[in-house]
Every structure is written in C-alpha cells, then in structure tokens.
Amino acid sequence: MKLIIQIPCFNEEKSLPETLRALPRKIAGIDEIEILIIDDGSTDGTVGAARECGVNHIVKFTANRGLASAFMAGLDACLKLGADVIVNTDADNQYCADDIAKLVAPILAGEADMVIGVRPIEEIKHFSFFKKRLQRFGSFAVNYFAGTKVEDTTSGFRAFSKEAAAKINIVSNYTYTLESIIQSYAKQIVIKTVNIRTNEMMRESRLITSLSKYISLSISTILRTYAMYRPLKYFSILSALMLIPGFTLGIRFLYYYSIGEGSGYIQSLILCAVFLITGVIMFVIALVSDLIGINRKLIEDVLLRVKNIEIKIGKE
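This section reports on the structure supplied with the text.

Conventions we followed
Residues numbered from 1 in each chain as written. Predicted model: local features only at pLDDT ≥ 70, side-chain atom pairs only at ≥ 80, totals over all residues. Heavy atoms only, no water. Helix = DSSP H or I, 4+ residues; strand = E, 2+ residues; numbered from the N terminus. Buried < 20%, exposed > 50% of the residue type's maximum accessible area, 1.4 Å probe, protein only. Areas by Shrake-Rupley, 256 points an atom, 1.4 Å probe, with all protein chains shown as cover. Lys, Arg positive; Asp, Glu negative; His and termini not counted. Charge placed at Lys NZ, Arg CZ, Asp CG, Glu CD. Patch = residues over 30% accessible without salt bridge, like charges linked within 9 Å, V, L, I, M, F, W, Y side chains within 5 Å. Salt bridge = Lys/Arg side-chain N within 4 Å of Asp/Glu carboxyl O. Polar contact = N/O pair within 3.5 Å; in protein donor to acceptor, adjacent residues only side chain to side chain. Contact = heavy atoms within 4.5 Å. Phe/Tyr/Trp six-rings, centres within 6.5 Å; stacked < 30°, edge-to-face > 60°. Lys NZ or Arg CZ within 6 Å of the ring centre and 35° of its normal. Pairing = 2+ DSSP bridges. Core = buried A, V, L, I, M, F, W, Y, C linked by side-chain atoms within 4.5 Å. Disulfide = S-S within 2.5 Å.

**Regarding the overall build of the chain**
- A tally of regular secondary structure across the chain gives 10 helices and 7 strands.
- Split into buried and exposed, the 316 residues of the chain put 46% on the buried side.
- Summed over all atoms, the accessible surface of the chain reaches about 16300 Å², with 61% contributed by carbon and sulfur.
- On the chain, the mean spot of the 36 positive side-chain charges and the mean spot of the 32 negative ones are 3 Å from each other.

**Observations regarding a nonpolar patch on the surface**
- Residues Ile 266, Leu 269, Ile 270, Leu 271 and Val 274 make up a contiguous nonpolar surface patch of about 410 Å² in total accessible area.
- Note that Val 274 resides in helix α10 (residues 266–315).

**Examining unusual backbone geometry**
- In the Ramachandran plot, Asn 11 falls in the positive-phi region, its phi being about 55° despite a non-glycine side chain.
- Summarising the element assignment, Asn 11 is placed in the loop between β1 (2–9) and α1 (16–22).
- Even without being a glycine, Gln 188 presents a positive backbone phi close to 55°.
- Within the fold, Gln 188 resides in the loop between α7 (177–186) and β7 (191–195).

**Structural notes on the side chain of Glu 34**
- With respect to the helices and strands, the residue Glu 34 is situated in strand β2 (residues 32–40).
- Classification of Glu 34 as buried rests on a relative accessible area of 13%.
- Among the polar contacts listed, one links the side chain of Glu 34 to the side chain of His 57, at a separation of 2.7 Å.
- Apart from residues lying up to four places away in sequence, Glu 34 is in contact with Lys 2, Leu 3, Ile 4, Ile 5, Asn 56 and His 57.

**A word on the packing of aromatic side chains**
- Counted by the stated rule, this structure contains 7 aromatic pairs.
- Both rings, one in Phe 71 and one in Tyr 176, keep their centres 3.9 Å apart while their planes meet at 5°; by these two values the pair is stacked. Separated by 105 residues along the polypeptide, Phe 71 in helix α3 (residues 67–80) and Tyr 176 in the loop between α6 (162–167) and α7 bring together distant segments of the chain.
- You can call Tyr 176 buried: its relative accessible area is 2%.
- Taken together, the ring pairs connect Phe 71, Phe 160 and Tyr 176 into an aromatic cluster.
- It is Arg 65 that lies over the ring of Phe 61; its NZ or CZ is 4.0 Å from the centre.

**Examining the side chain of Thr 46**
- On the secondary structure map, Thr 46 appears in helix α2 (residues 46–52).
- The class for Thr 46 is buried, based on a relative accessible area of 0%.
- In terms of polar contacts, Thr 46 uses its side chain to reach the side chain of Asp 44, at 2.6 Å.
- In this structure, Thr 46 is in contact with Cys 9, Asn 11, Glu 12, Glu 13, Leu 16 and Asp 39, ignoring residues within four places of it in sequence.

**Comments concerning the pairing of strand β3 (residues 57–61)**
- Looking at chain direction, β2 and β3 are connected through 5 bridges and run parallel. Counted as the bridge partner of Leu 36 is His 57 from β3.

**Here we look at the pattern of salt bridges**
- Per the counting criterion, the structure on display carries 9 salt bridges.
- Among the ionic pairs, Asp 84 bridges to Lys 162, the shortest N-O distance being 3.6 Å. Of the two residues, Asp 84 sits in the loop between α3 and β4 (85–88) while Lys 162 sits in helix α6, which places them 78 residues apart along the sequence.
- Among the ionic pairs, Glu 111 bridges to Lys 192, the shortest N-O distance being 2.9 Å. In this pair, Glu 111 is assigned in the loop between α4 (100–108) and β5 (114–118) and Lys 192 in strand β7, connecting sequence segments 81 residues apart.
- Among the residues examined, Glu 111 registers a relative accessible area of 46% and is labelled partly exposed.
- Overall, the relative accessible area of 33% leaves Lys 192 in the partly exposed class.
- Taken together, the shared-partner salt bridges connect Lys 187, Arg 296 and Glu 300 into one network.

**Here's the deal with the nonpolar core**
- In this structure, Phe 71, Leu 75, Ile 86, Phe 160, Ile 168 and Ile 170 are the most contacted members of the largest nonpolar core, which totals 34 residues.
- At the level of elements, β2, α3, β5, α5 (129–146), α6 and α7 are the ones that each hand at least two residues to this core.
- For this core, the element with the most residues is α3, which contributes 9 residues.
- Look past the residues within four positions of Ile 170 in its chain and what remains in contact with it is Ala 68, Phe 71, Met 72, Thr 175, Tyr 176, Glu 179, Ser 180 and Gln 183.
- In this structure, Leu 3, Ile 30, Ala 50 and Ile 196 belong to the second largest nonpolar core, which totals 28 residues.

**Considering the state of the cysteines**
- Under the criterion given, the structure shown has 0 disulfides.
- Its sulfur unpaired, Cys 9 is 11 Å from the next cysteine sulfur, which belongs to Cys 53.
- Under the relative-accessibility criterion, Cys 9 is labelled buried at 2%.

Spelled out as structure tokens, the structure:
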C-alpha cells in the first residue's frame, strides 16, 4: 500500500522545511510513504528547499496557475506514480501532520473514498468572529447543494483513495475544496470526516486576500458546480421562479377582465407574458442542460478509462 503526500506550493521557501519535517515516515497499514511537491510558479527558493529536504517528486509550473490547478496536477502525478492513497496538505504547516494517520484510516478500512479533516474552527485564535461565522455558513451552503454533512468544507487537509482521485475533475481556477465535495454526490464518492488539530499560524492566507472576493468566488463556484452536476433541478427552479409569478399575474388579469375592468390592467398582461416566456425558455434550457449533462458523464467515463490506462502503463 503506497501513500503519496502532495503539497501545493507557491513561494513557501520559509515554511516548507518545517512542514516537511513534521510529516510521518511510518503509518500502520502503509508500506511506502512518498512526498510530492507541486511548485505553482514560485519565484523564491521553494524548489531548492524541497530538494534539500529530500522530497521524492517535484511537479513544477513555469507560471502561477492557482491552487485548483496545482491540486489537480498533484492528483494526476500521484496516480501515475502508483499511489493507492493520496493525502493533500498545505505548505504553511497549518494542519497537524500527526493526524495523517487518522485521515487515511477510513480509506484503509474501506469505509470511505474521500476523508476530510475537520478543524476546530471555534478554537482557532487567528480566525476572526466574522470568519468563523462565514466558515459555518459556507459549509451549510455547500452541504445543502451537495447533500453532504461536512462540518468544514474549506479544509484542504484531505485523503483520497486512488479511485476517488481518478474520478475528480476540478474545473475551477480558484479552489478545489468546494467543487470536489459537490462532485462527490454525482460521482458516488463516499465522504467521511475526522477531527484534526491545527498548528500556530505561520503566515496570512494567500487564498483569502479579500473577504468580499472570497465570498463572491465561492458563491460562483458553488452555483456553477451545482448547475454542472444537477442541471435539470437547477434550471427547473429558475423556471418555476418565472412561471409562478407569470401565472399569478395572468389569473389577476383574467379576474379583472371578467368583471369588465381588463383595460386597466394591460401592464399585468404584458408582465405575465414576459414571465411565462422566460419561464418556458428556462425549462427548455433545463432539458437541454440535462442532455448535455448525460454527454458530460460519458466524457468523464472515457477520461476515467484513459487515466486507468495511464496508471497501468506507469506501473509497468
């Protein structure tokens, strides 16, 4: 059983050595542990620090592509290197490395395909009151759309079986945390959570440079991913939001028309027509999107087969 710990990095020369030193070298049930670094276009000595610390593999980008791209490149590389289990952690040593054993245990036991480490949000001192509430609300929103029960949806401390890693396809350029959870429902990836510990903050978050930007991008990611994997329901809801007021205005106009006062409510008739036409268009979009979704599933099945062939070739 081979475990590869992947660490996306961007200008982590100072924090990376401490993160690497803390990683476990032995875990019960694991025969091999290797470390893979994804250098996301760093301009400092991140790669040099990684090599000095003796990491096994380095994936290097010539320019910064973002956390989501680095995460996906790491998964792809780990699969080709023959990983049976993949753990993703941060380079800033935010997560307690000793908890990696807890993270992989449900996968080794065959109880889960993806395991997410749940941080003690309320106990993290450098999280402001507003950020803690935002984390809770964000997790509620993701769980609502994904049909999951993950208490900390933005945690990047995760373990994946090789099967789950092969199924995940992140299209966001911002972050993978929310999208991968919403995908899990559509792809029948079983998620389990474990409580983990965190370390003292070494630097400010580079992902959340602005709360307003983070909120807007997160909402966009949630809605786009939900529309991608549940298009019929998504656009049917939008259709209903147009058809209901349309029918209501139509009935209102017919009532006044029946009592001889219809000429005074032409505006309602026009607005009724606008709502009904928009609602019908939305419903047609729902049907077309559902058909496109079926095509997407077929393409993802082909991609999964290609990945499995690459993995098999890599082992040979």
